Amino acid sequence: MMDPAIDRVLTRWSPERQERARAVLAAYPERRSTVMPLLYLASREHGYCSREAMVEVGKITGLTSIQVESVASFYSMYRRQNVGKYVISVCTSISCFLRGADDVLAAIEDETNTPDGETSDDALFSVEHVECSGACGGAPAVAVNWELIEGVLPDKGRALCQWLKDTQPETVLADEMQALFGGQQSFDWGIAEPQGATSHVPAFERYDSAGDAS
Ligand code: FES
């Protein structure tokens, strides 16, 4: 039976996220081990990893607020401030730098009217430079809500931003953006991934061997 204190928190969440949280809690023998997936779920619930989200996760896991915050502050994928609908992350580490990432970043900042590290006034974009995205062979690499595009040149970076502005897709898909705005890839990605990102918060869905979310 679920601890009533946990139930009190979870019943504030959407039914879908309650169900995911209960499945996560059932999968671990120690409640404290669920802190990372629960931080993602709480972030989805609150829009970002807010203080309230961290307090809720503390209540569920039995960790103190400072313990939860020390996890959340260590990993950059937990956004502790609200961000735009599309978080555009430009890798500026060495391979991408050598292939002109600074110019790509400048083009994206200009096209979105959003300086590095900030969010646009209409909350459509957040722009950031990041360390190596693991796609050095396809530098310069850009990600939108963690969906990766390789070989992005400045003009394609501008076109990407314009496309996002014009179409405002609810889901962004790496394969689609790669085909529209990418260039040289580090390797052939092979099997097309059918699901994209619906938020800057990773969904960490499970996939079966056919690539379908389960
Ligand atoms: S240096 Fe940019 S992806 Fe590795």
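Residues numbered from 1 in each chain as written. Predicted model: local features only at pLDDT ≥ 70, side-chain atom pairs only at ≥ 80, totals over all residues.

Focus: helix α3 (residues 35-46)
An ideal rise of 1.5 Å per residue puts 16 Å on twelve residues; α3 measures up with 16 Å between its terminal C-alpha atoms. Along α3, the positions that sit buried rather than exposed are Val35, Leu38, Leu39, Tyr40, Leu41, Ala42, Ser43 and Arg44. Just downstream of α3 lies Gly47, where phi reads positive at about 95°. (Helix = DSSP H or I, 4+ residues; strand = E, 2+ residues; numbered from the N terminus. Expected span 1.5 Å × (residues − 1). Buried ≥ 20, exposed ≤ 12 C-beta atoms within 10 Å, placed from the backbone.)

Observations concerning the pairing of strand β5 (residues 147-150)
Within a regular strand, side chains alternate between the sheet's two faces. Alternating residues of β5 divide into Glu147 and Ile149 and Leu148 and Glu150, and every residue in both groups is buried. When strand β4 (residues 141-144) meets β5, the two strands line up antiparallel, connected through four bridges. Within β5, the position partnered with Val142 by the bridge is Ile149. The turn linking β4 back onto β5 is made up of two residues, and Asn145 within it adopts a positive phi angle of 50°. (Pairing = 2+ DSSP bridges.)

What about the packing of α3 against helix α4 (residues 51-61)?
One way to put it is that α3 packs onto α4 with a least axis distance of 9 Å and a crossing angle of 140°. Here α4 runs oblique to α3, going by the angle between their axes. α3 and α4 meet at a crossing whose hand is right-handed. Contacts from Val35, Leu38, Leu39, Ala42, Ser43, Glu45 and His46 of α3 reach α4 at Glu52, Ala53, Glu56, Val57, Ile60 and Thr61. For the contact of α3 with α4, the class distribution of residues is seven nonpolar, three polar and three charged. (Axes fitted to C-alpha atoms, helices over the stretch in contact; angles between N-to-C directions. Parallel < 35°, antiparallel > 145°, perpendicular 65-115°, else oblique. Left-handed = near helix turned anticlockwise from the far one by under 90°. Contact = placed C-beta atoms within 7 Å. Nonpolar A, V, L, I, M, F, W, Y, C, P; charged D, E, K, R; others polar.)

Description of the confidence of the model for the chain
Residue-level pLDDT values for the chain average 92, and 94% of them are 70 or greater. Residue range residues 207-214 is modelled with pLDDT below 50. Its contacts to residues more than four positions away, or to other chains, number ten contacts. (pLDDT = per-residue confidence, 0-100.)

Description of the domain arrangement of the chain
Along its sequence, the chain is organised into domain 1 (4-74) and domain 2 (86-181). Its C-alpha centre places domain 1 at a distance of 30 Å from the equivalent point of domain 2. (Domains from an automatic or database assignment.)

Section: the nonpolar core
If you look at the biggest cluster of nonpolar residues, it comprises 31 residues, and the most contacted ones within it are Ile88, Val90, Val104, Ile108, Ala141, Val142 and Ile149. Where this core is concerned, the elements lending two or more residues are β1 (86-91), α7 (101-112), β3 (125-130), β4, β5, α8 (154-167) and α9 (174-181). Each residue touching Ala141, except ones within four places of it in the same chain, is listed here: Cys91, Cys96, Ser133, Ala135, Leu148 and Glu150. Among the nonpolar cores identified, the runner-up in size contains 17 residues, and Leu38, Tyr40, Ala42 and Met54 belong to it. (Core = buried A, V, L, I, M, F, W, Y, C linked by C-beta atoms within 7 Å.)

Topic: the environment of Ala143
By the secondary structure assignment, Ala143 is in strand β4. Sequence-wise, Ala143 and Arg79 are 64 residues apart; in three dimensions their C-alpha atoms are separated by 16 Å. When near neighbours in sequence (up to four residues on either side) are disregarded, Ala143 contacts Ser89, Ser133, Leu148 and Ile149.

A look at the packing of α3 against helix α5 (residues 65-74)
Remark: α3 packs on α5, axes separated minimally by 11 Å, with the N-to-C direction vectors making an angle of 80°. One element, α3, and the other, α5, form an angle in the roughly perpendicular class. Note on element contacts: α5 touches α3 through Val68, Val71 and Ala72, opposite Val35, Met36 and Leu39. Of the residues that constitute the contact of α3 with α5, the class distribution is six nonpolar, no polar and no charged.

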